Amino acid sequence: MNRSRGHGARGGQRRPPDELRQIIAALADRKAVDPIVLDLRGLSEATDYFVIASGTSDAHVRGMAEHLMAEVDPHHVEGLAQGRWVLLDYVDVVVHLF
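So, here's what we can say about the structure. (Residues numbered from 1 in each chain as written. Predicted model: local features only at pLDDT ≥ 70, side-chain atom pairs only at ≥ 80, totals over all residues. Heavy atoms only, no water.)

Section: helix H2 (residues 58–71)
Every α-helix winds through 3.6 residues per turn, so residues three or four apart in the chain are directed the same way.
Then comes step 1: Between its terminal C-alpha atoms H2 stretches 20 Å, which fits the 20 Å expected from 14 residues at 1.5 Å a residue.
Then comes step 2: Among the residues of H2, those classed as buried are His-60, Val-61, Met-64, Ala-65, His-67 and Leu-68. Projection of H2 onto a plane perpendicular to its axis shows the buried side chains occupying an angular sector of 165°, all on one side.
Then comes step 3: Next to the buried residues of H2 lie helix H1 (18–29), strand S1 (33–39), strand S2 (49–54), strand S4 (86–89) and strand S5 (93–97). (Helix = DSSP H or I, 4+ residues; strand = E, 2+ residues; numbered from the N terminus. Expected span 1.5 Å × (residues − 1). Buried < 20%, exposed > 50% of the residue type's maximum accessible area, 1.4 Å probe, protein only. Arc of directions from axis to C-beta. Contact = heavy atoms within 4.5 Å.)

Structure (structure tokens):
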């Protein structure tokens, strides 16, 4: 799988990519608890950003994941049926919902 890195050096003044802004907005729509964005550019070849957020229940986590999937089409999803931990892979952004 080709994971393009053309984002420049870590610590630059680049705006977050549109996809990341859409992901954060979708999670805010569904009242994500304590969302955080980790900038991994220059630290990881696997992805540029981790987004980590919590829900108040398994149903809340599933609801956030389903809403996010409707807003931004993921490359890969794991854990949706259980809802305890859902991983949504957008290649340059990986979302972890707990």
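On we go from here.
Section: the nonpolar core
Then comes step 1: Core analysis: the biggest nonpolar cluster contains 19 residues, and Ile-23, Leu-27, Val-95 and Leu-97 have the highest contact counts within it.
Then comes step 2: Secondary structure elements with two or more residues in this core: H1, S2, H2, S4 and S5.
Then comes step 3: Excluding its chain neighbours within four sequence positions, the residues that come into contact with Ile-23 are Val-51, Leu-68, Val-72, Tyr-90, Val-93 and Val-95. (Core = buried A, V, L, I, M, F, W, Y, C linked by side-chain atoms within 4.5 Å.)

A closer look at the pattern of salt bridges
Any two side chains of opposite charge can pair if their charged atoms end up close together.
Then comes step 1: In this structure the tally under the stated criterion is two salt bridges.
Then comes step 2: One salt bridge in this structure joins Arg-21 and Asp-18, with 2.0 Å as the shortest N-O distance. With a gap of three residues between them, Arg-21 and Asp-18 both fall in helix H1, about one helical turn apart.
Then comes step 3: The exposure class assigned to Arg-21 is partly exposed, which follows from its relative accessible area of 32%. (Salt bridge = Lys/Arg side-chain N within 4 Å of Asp/Glu carboxyl O.)

Concerning the packing of H1 against H2
Then comes step 1: Close contact between H1 and H2 brings their axes to 9 Å; oriented N to C, the two are set at 140°. Comparing the axis directions of H1 and H2 gives the class oblique. Viewed along their axes, H1 and H2 form a crossing whose handedness is right-handed. Taken together, the residues of H2 that come into contact with H1 (itself represented by Ile-23, Ala-26, Leu-27 and Asp-29) are Met-64, His-67, Leu-68 and Glu-71. (Axes fitted to C-alpha atoms, helices over the stretch in contact; angles between N-to-C directions. Parallel < 35°, antiparallel > 145°, perpendicular 65-115°, else oblique. Left-handed = near helix turned anticlockwise from the far one by under 90°.)

Some thoughts on H1
Then comes step 1: Taking 1.5 Å per residue, twelve residues should reach 16 Å; H1 reaches 16 Å between its end C-alpha atoms and fits that length.
Then comes step 2: Of the residues making up H1, those classed as buried are Leu-20, Ile-23, Ala-26 and Leu-27. Along H1, the residues classed as buried sweep out an arc of 125° about the axis, all on the same side. Away from its buried face, by an angle of more than 90 degrees, H1 presents the exposed residues Asp-18 and Ala-28.
Then comes step 3: Looking at the buried side of H1, the elements it contacts are S1, S2, H2 and S5.
Then comes step 4: Lys-31 occupies a position one or two residues after H1 and carries a positive phi of about 60°.

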